[in-house]
Amino acid sequence: MDLTLIKTSVLLSGPEIIIILGACVALMLSLVPRPGQGGLIAGLSLLMIALAAGMSATLGHMPQSAYQGMFVIDGIATYFKLLMYLGTALTVLISGGYLATENTDKGEYYVLLLFALSGAMIMVSGTDLLIIYIGIELQALSIYVLVGFLTRNRRSNEAALKYVILGAFSSGLLLFGLSLFYGLTGTTQLDAMAIALGNAETGDPLLVLATLLLLVGLLFKVGAVPFHMWLPDIYEGAPSPVTGFMSTVGKVAAFAVILRLLMHDLTSLAPIWRGAVVAVAVLTMAVGSLAALVQTNIKRMLAYSSIAHGGFLLLGLLAGGDDGMASVMFYLLVFTLMNLGLFAVIVLLNQGAAWGEPIWDFSGLAKSHPGLALITLVLLLSLAGIPPTGGFFAKFYVLVALVESGQVTLAVIAVLFSAVSAWFYLRIIMLMYMEETDHPAQVSMTPALRLALAVTLIGTVLTGLFPAMFLDAAQTAAQAATQAATQAVAQAGLG
C-alpha cells in the first residue's frame, strides 16, 4: 500500500471531506434540540463551505488525479466547485427566514444541503462512471428529502413523491446506459473509455443505445424537453430556497458532467448525440419560453424559465471547443447569481407556503418597497438578457461561439426565443411599477437575506460591467481541463 498515494488522494478530496464532516457534525448538533439551533447550524454550514472553498482555491487548476484516476482536480472541477459553494452559501442565507415563517427551522435541513453539495462536488470531479453515478445519487437522495421538507404541506409532499418516482426512472435509464458502456469498453474510467471508443463504429446499435440512454439520463437532470415534465410541479411544491438550490447548484453539477463527458473525454460519440441535442435544444427553448407566458405562479414561471435557459446552455455544448465550454461556464455563473437573487425576493414576499406564490404578490412593490423593487428589476432584466446586465453577456457569448462555429441558423432561433422569453419577465416588472394593490407586500428583511441580495445584485452588475474578466477565468479553466484530458488520454494510451 503506497501511503504517498493515499495522502495525495485524501488531500485532493479534502474539500469533499470537509463538507461531509461538516454535515456529520451538523447532524450530531441537530439531535440536541435547543433554541436558535437552526442559526447555529446554518453558521456552521457557512463556515465549512468557506473552508472547502479556500482549499479548492488552493488546489487550483493544475490537473491532478486521485484514487487511481477516478477523481480529478482540474480547471472544470475547481471552477464549478467554487460556483456551487457560492450557490449553496446563498441558499443557506435565504433559508433561515423562510424556515422560520414555515415553522420548520430544523438542523436537518442544512445537513441535507451539505450532503447534496458533496454529491454535486463528487459529480464534477468524477472521471469514472461509477464515481459520477455515486455523486448523482448522493445529491438526488438529499434533494428528494429537501423537496418534501414541509411535511404538513400537501404540495411539498406531492412534489417529493413525484420527484422520487421520476428520479428513480431516469437513474435507471442512466445506469443502464453506463452498464452498456462498460460492456462495450471493459472499463468505467473515462480516459480508458476514450481510447477504447476512439476507433469504434458510431453506427454500432449497442453504442448508439448506450449513448442515447446516457444522454436521456443527463438531459432529465437538466430538465430539457421532452424530459422536463417533472420540473414545474417540483419547483412549485418544494420549499422556495430548495427550488433555488435545485435550479442553480443542481443545474451546474449536471452541466459539469455533460461538459466533461461529451466535450472532453467521449468526443468520439459526437456523431451519435449531436443531431438529437440540436432538436432538444430548440424544443427546450421553445417550450420553456412559450409555456412561461401563461403561468400565474412565480415558481412555475421560473421553472419554465429555467427550462428555456437550459436550452441556451445546450447551444454552448453544440458550439463546441474551449469557447463553447467557456460560454456555458460563464452562463452558469450569471444564472446562479440572478436566479438565486430572485428566489431571495420570493422568500421575502412569502406569506406562507399554503398561500402559494402568485405573481400578483409583486403588484405595487415599487410603491411599498422601492429598493427591493429596484433590485428585482435588475435581476429580471438580467434574466431577460437586457444589456448591460450579466444575463445579456451570458447569452451573447453563447451566440458568438455558435456563429464562430458556423451554426448561424441556431443562433437566429435562439435570439427569437430569447425575445419571446423577455415578455414574461417584463410582465413582473409591469406588475411592480404599474399595478396598484390593496394588500401591499409585508416584507421582513433579515441581515442574512440582505447579504444574499447584495451579493447577487453586485454579482449580476459586475458580470455585466466586466464580462471579459469573468469569461477569461472560464476560458482559463476550460483550457486547463482540455490539456489535462488530452494528457490523460495520451498516458492511458501509452499504458
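The structure presented is a predicted model; accordingly, all values stated were derived computationally and were not measured.

Model confidence for the protein chain is summarised by a mean pLDDT of 90, while 97% of its residues fall at 70 or above. Helix 20 (residues 467-494) is the least confidently modelled element of the protein chain, averaging 75 in pLDDT, while helix 5 (residues 108-125) averages 96, the highest of any element.

Moving on: a nonpolar patch on the surface. Residues Leu3, Ile6, Val10, Ile17, Leu21 and Tyr67 make up a contiguous nonpolar surface patch of roughly 510 Å² in combined accessible area. Counting only elements with at least two residues in the nonpolar patch, the list comes to helix 1 (3-12) and helix 2 (14-30). A total of three residues in the nonpolar patch trace back to one element, the largest contributor, which is helix 1. The class for Leu3 is exposed, based on a relative accessible area of 56%.

If you trace the backbone, Tyr163 turns up in helix 7 (residues 154-185). The sequence separation of Tyr163 and Asp233 amounts to 70 residues, and the corresponding C-alpha distance is 9.0 Å. With sequence-adjacent residues up to four places away left out, Tyr163 is seen in contact with Ile143, Tyr144, Val147, Ala168, Trp230, Ile234 and Met246.

The next thing to look at is the packing of aromatic side chains. Tallied over the entire structure, the rule returns 15 aromatic pairs. Geometrically, the ring pair formed by Tyr109 and Phe149 is edge-to-face, given 5.4 Å between the ring centres and 70° between the ring planes. You can see Tyr109 sitting in helix 5 and its partner Phe149 sitting in the loop between helix 6 (129-147) and helix 7, a full 40 residues away along the chain. By relative accessible area, which is 1% here, Tyr109 ends up buried. The exposure class of Phe149 is buried, given its relative accessible area of 11%. Taking the centre distance of 5.5 Å and the plane angle of 75° together, the rings of Phe330 and Tyr397 count as edge-to-face. Separated by 67 residues along the polypeptide, Phe330 in helix 14 (residues 321-349) and Tyr397 in helix 17 (residues 390-404) bring together distant segments of the chain. Pair check on accessibility: Phe330 and Tyr397 agree, each one buried. One aromatic cluster in this structure is built from Phe330, Phe392, Phe393, Phe396 and Tyr397.

Calculation notes
Residues numbered from 1 in each chain as written. Predicted model: local features only at pLDDT ≥ 70, side-chain atom pairs only at ≥ 80, totals over all residues. Heavy atoms only, no water. pLDDT = per-residue confidence, 0-100. Helix = DSSP H or I, 4+ residues; strand = E, 2+ residues; numbered from the N terminus. Patch = residues over 30% accessible without salt bridge, like charges linked within 9 Å, V, L, I, M, F, W, Y side chains within 5 Å. Areas by Shrake-Rupley, 256 points an atom, 1.4 Å probe, with all protein chains shown as cover. Salt bridge = Lys/Arg side-chain N within 4 Å of Asp/Glu carboxyl O. Buried < 20%, exposed > 50% of the residue type's maximum accessible area, 1.4 Å probe, protein only. Contact = heavy atoms within 4.5 Å. Phe/Tyr/Trp six-rings, centres within 6.5 Å; stacked < 30°, edge-to-face > 60°.

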